Amino acid sequence: MNKIKKTTLMLFAFSMLFGMQELMAQVKIGYANPGRILSALPEVEQVDQQIQTLLEEKDQQLEQRAEQLQQIFTEYEENMNAMSDQERADREGELIELNDQFTEERESMMNEVGQRRAELMQPIIEKMNVAMQEVAQEMNLDLILNEGTATGDMIVFYANSEQLNITDRIIEKLQ
């Protein structure tokens, strides 16, 4: 009886293994390079120009603030010898606080720029995703992989055919 159970279990395991291989052989996969797709779109260039203008404005604001801080630091250095130890300590505390505020302003401005870029890119990325889905449906693909990671590391190391790379088809659909 025990031998029959083992045999049945082994037959079941083999049939599952071969069934999974057959199922996996039917999966159709493509891959794309979203960075290359986005760089081919004129809308992205427009977003980049808007972000560059915003960055220049923010840089100008930060530069003015930095010049003000530099002037305050210079005045302190010129007058520190005439101050008592307590006045000097109080003034240095104020200067440290002003420097911390400047750092926070700079970080806030950079976050604002990043958020604005994300807002401007969202409809473009949605448009790219729709085109990607349409190409996948046209080619009867089950899965689309990203060619690489955000840091530039490759995800697709080998593809048997360049036909699996659907980047150009997506770009054509978007233009």
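These lines cover the structure that appears in this document, whether it is placed above or below. (Residues numbered from 1 in each chain as written. Predicted model: local features only at pLDDT ≥ 70, side-chain atom pairs only at ≥ 80, totals over all residues. Heavy atoms only, no water.)

### Description of the environment of Pro34
By secondary structure assignment, the location of Pro34 is in helix α2 (residues 34-39). Residues contacting Pro34, with those up to four places away along its chain left out, are Met128 and Asn146. (Helix = DSSP H or I, 4+ residues; strand = E, 2+ residues; numbered from the N terminus. Contact = heavy atoms within 4.5 Å.)

### Concerning a negative patch on the surface
Residues Glu56, Glu57, Asp59, Glu63 and Glu67 make up a contiguous surface patch of negative charge. One can find Glu63 in helix α3 (residues 42-79). (Patch = residues over 30% accessible without salt bridge, like charges linked within 9 Å, V, L, I, M, F, W, Y side chains within 5 Å. Areas by Shrake-Rupley, 256 points an atom, 1.4 Å probe, with all protein chains shown as cover. Salt bridge = Lys/Arg side-chain N within 4 Å of Asp/Glu carboxyl O. Lys, Arg positive; Asp, Glu negative; His and termini not counted. Charge placed at Lys NZ, Arg CZ, Asp CG, Glu CD.)

### Observations concerning the packing of helix α4 (residues 85-138) against helix α5 (residues 167-174)
Contact geometry of α4 with α5 gives a least axis separation of 9 Å together with a crossing angle of 120°. It follows from the interaxial angle that α4 and α5 lie oblique. Once α4 is placed against α5, the crossing between them reads as right-handed. The residues of α5 that touch α4, namely those facing Lys127, Met128, Ala131, Met132, Glu134, Val135 and Glu138, are Arg169, Ile170, Lys173 and Leu174. (Axes fitted to C-alpha atoms, helices over the stretch in contact; angles between N-to-C directions. Parallel < 35°, antiparallel > 145°, perpendicular 65-115°, else oblique. Left-handed = near helix turned anticlockwise from the far one by under 90°.)

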